Amino acid sequence: MMVAVRWKGSSLNDATWEQEAKHQPLREDIRHLGHVLGQVLREQAGDAVYDLEETLRQGFKQLRAQPEDVELQSRLEGLIQDLDVNTAARVLRAFTLYFQLANLAEEHHRVRRVRQYGQAVDAPVSEGSIRAVIEGFASRGLSPQAVQNGLRQLSIEPVLTAHPTEALRRTVLEKLHGLEEALSQRDSGVLEPAQRRRLEARIGAEIEALWQTDEVHRRAPTVLDEVRHGLYFVDGVLFDAAPWVVEELEEALKEYYPDHLFDLPNFLRFGAWMGGDRDGNPFVTAETTYQALRIAHQRIVQRHLRVAQDLATDLSQSVHWSDISQGLQTALRDDAERFPAIMAEALERNPFEPYRQKLAVIQHRLRATWGAWPENLQTALGAGAQRAHEGYLDAGALAEDLSLLADSLRTHRGERVARERLATWQRQVAMFGFHGARLDIRQHAQVHFEALASVVDTLRLTSTPFERLSEAEATNWVLQELRGRRPLIPHDLTALPALTQEVVQTFRALRACRDVFGADVLGSCIISMTTRPLDLYVVLLFLKEAGLFRTEPAGRVRSVHQVVPLFETIGDLRAAPRILDELLTEPLYRAHVRQLGDVQEIMLGYSDSNKDGGIFTSAWELYQAQQALWAVAGRHGISLKLFHGRGGSVGRGGGPSHRAILAQPPGTLGGRIKVTEQGEVISHKYGLEPLARRNLELVTSAVLEATLRPELHQRDPLEVGRWQAVMGELSELAFSAYRGWVYDNPHFTHFLQAVTPIDILSDLRLGSRPARRRTSLRIDDLRAIPWVFSWTQPRMILPGWLGVGTALESWCAPDPQRRLEVLRAMAREFPFFRALLSNVEMTLAKADMAIAKRYVAVLAGEDSSVRALWDSLESEYERCVRVVLRILEQSELLAQQPTLRRSIAVRNPYVDPINYLQLELLRRQRSQAQSDEALLDALKLSVSGIAAGLRNTG
């Protein structure tokens, strides 16, 4: 066991020393992996490249310590300018791979800390854990009935999206996870010398293989590549991690409410967008959606089959020692009639072991289910859902078989076996079914509208072209068709434009997918850029044409799909309550919501609202929209399920999920949350099972606490009202400042193109979707992901702070000290403001304006418009840092988060050389008349390296 040494004369206090000792294993891991990487670099690239990398590493580390050393900076820049492209690429690979290994070591250390905490007998209840929340309920005297009411509302659905912010290929991720397994084995204190030698050899082999593997995509991933990448986390990690969260909640309830038996719903499910998100992605077709579901079903059924095989080994109970229930006896007799060959073989192999006999039948039926689906959509549409009769029609039938086994065990003194061997699989069947993650379907409202217009005009269903009708006329026409029974669209679509055919075929595919794969396979129909009720009515009409919506006598409807408006811009968020009120006032739509349990799902777009109005205004408008939407829902007697479209980075609405949930407006969760998980955040949260458990636990505990805690509801409403009024004023100031820079300044788009590598992001091939909605250079047409990604590369991270400093300082100006005290009180006691300010602080700490200034100097040259805009942005950054520190009463950023502060400080000197290399490569690329493939590949490496170093892309 390694013993940490405290150096004489150290200025560390006791608390800091504990932190130092706690992280000593992490430093050892990074040191060890870096040493092995150095050996691999010498072997693979030669001593000259190794020496160059070391020279740059030490030089930039020294430059960080002595930023005024102009001679040193000039010498380092000269070294980089003299490099040929191939050598530059090798140096970039070395730094990038170092960060990948450092990130891996940090994740492994998080796992190590979680395990150590869990193994400590006398450890206090972990903050943010499910046990801490339930203990808090019990200590505050919350009644069992109140807790049960909260549990009854509980619904948590993380949604893995197709948004391409993961710069690493799945191949690289898999190799890194193999390295993590090796580090876990290395932590063991019982390895023999030969075992340790083999383990060190394995680590070296993995790092060598990483060096020789392309880490960036040579081709753009297809949609089905993205599907498989997402499923890697669903069936590979979440399938095992998610049941633990339910078990932890059950145990906590038993411990703190021992006299009450709680009814726990199936509250944790997962969603996906890969293969369903067609907004701006022409490669997501109806056939693609069908294949995405088929792949998911095959993988999940195979996962269930492996569990069944393992369980057959465990459930060896013999009738000589334990009887079985009447229900299981009847089921086995039925199985003997329906599957005579399978039962005959099982009886011969395990004549006295009825549980194994039943599991043999279950395995056979799962195998039959796996191969039962039509191979393509056309077959599914033409032949219908013809599946092998011996397979399971849906996961509910499998659940019934497992209930038979569990009930038999429990009624014949097998309670422990049922709880420890079978209950986890029952939870997995309930959570994942045969689909893994329910697939949402997303499309832009305008695409639906134009498709309907082409149908109406081609078939001459209105006397006036549909797009020329007023909104009221078009709405009345669509509602009339929804109430009627006549079909509008012929089976043969050849007379319609190709894009319209694809829209119609998509809705027909939804019907076929439900018929083939079951009702649970699909999630919601999400409508991007919703601006009016008509956008939802049009989708209902397409659902009606596909047989998924119909009217019945007495105003009733039959409807199976949530139709979800997505409010993305600042203007849309402000209009959202009015649109919801108009929808619920319409009897037909109100009947649709009633059919779906009086719950309306609404999606809120964090990324586009941030790009549209800046971080402060976006956050406040989202906060107000939630309050107003719930007020509208309450007037109409329904509940809401808010779907939070949060990105990975702070600039796209990201940040710690636990803190974000607790900062939501009181009373707006209702126990339900649906939230996107995107890009590198997916692998960061769910790449390893212990981390996936912890993240799911944090979300669950936060939703429970936000739903049931009384503190926020007991605050003085006048005080809360004053805080909200302040936020309104701050938001207006921030909005004006942000729009002044980004949208009103005629030089801003030029600035973005001049000082960031946005021109090469589309060549990174991160995902299947284009970077822009249109080919124009307007900020409006740029997607939120490349918007944030672009500012991250030169270390400005502008979307996370722009406009904030001006707003805070301007608001304080009339009465500086008194108003500053108001903001300090809000930072202490207003969870929303505290979370927002914390995210801004983190972004300011990650930004590096000295590096950004180099980009301006090298890439913009003497361009006066760029330099003038840079001066004002640099002043805004300094203003923001100054005022945030005053509000938080700190002398430095992240003073209350020493681990994060140290991580950034340690990483900066190693990211700097990648930035300088990228700058030189960008300078060369922009000075060339023709594209250079080797130069472009090196630039891609630099983008990947900076993303790895900052642990942030888009």
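Refer to the structure above for everything that follows.
Just so it is clear, the structure is predicted and the values come from calculations on it, not from any experiment. (Residues numbered from 1 in each chain as written. Predicted model: local features only at pLDDT ≥ 70, side-chain atom pairs only at ≥ 80, totals over all residues. Heavy atoms only, no water.)

**Describing the pairing of strand β4 (residues 522-528)**
Where burial is concerned, most of β4 is hidden: seven out of the seven residues are buried. Summarising the sheet, strand β3 (residues 438-444) and β4 pair through five bridges and their orientation is parallel. Looking across to β4, one finds that Arg442 is bridged to Ile526. (Buried < 20%, exposed > 50% of the residue type's maximum accessible area, 1.4 Å probe, protein only. Helix = DSSP H or I, 4+ residues; strand = E, 2+ residues; numbered from the N terminus. Pairing = 2+ DSSP bridges.)

**What about the packing of helix α25 (residues 615-635) against helix α29 (residues 717-742)?**
Contact geometry of α25 with α29 gives a least axis separation of 8 Å together with a crossing angle of 135°. Here α29 runs oblique to α25, going by the angle between their axes. In the crossing of α25 with α29, the sense of the turn from one axis to the other is left-handed. When α25 is examined against α29, the residues Phe616, Thr617, Trp620, Glu621, Tyr623 and Gln627 are found in contact with a partner set consisting of Gln724, Met727, Gly728, Leu730, Ser731, Ala734 and Phe735. (Axes fitted to C-alpha atoms, helices over the stretch in contact; angles between N-to-C directions. Parallel < 35°, antiparallel > 145°, perpendicular 65-115°, else oblique. Left-handed = near helix turned anticlockwise from the far one by under 90°. Contact = heavy atoms within 4.5 Å.)

**Side note on the environment of Tyr50**
You can see Tyr50 is positioned in helix α3 (residues 47-65). We classify Tyr50 as buried; its relative accessible area is 18%. As for Tyr50 and Asp515, which are separated by 465 residues in sequence, their C-alpha atoms are 60 Å apart. Look past the residues within four positions of Tyr50 in its chain and what remains in contact with it is Gly38, Leu41 and Arg42.

**Quick look at the pairing of strand β7 (residues 563-567)**
Burial within β7 is extensive, with five of its five residues counted as buried. Burial along β7 is two-sided: Val563, Pro565 and Phe567 facing one way and Val564 and Leu566 facing the other are all buried. Bridge count for β4 against β7 is three bridges, and the pairing is parallel. Note that in β7 the partner of Ile526 across the bridge is Val564. With two bridges connecting them, β7 and strand β8 (residues 599-605) associate as parallel partners. Pairing of Phe567 across the sheet is with Leu604, part of β8.

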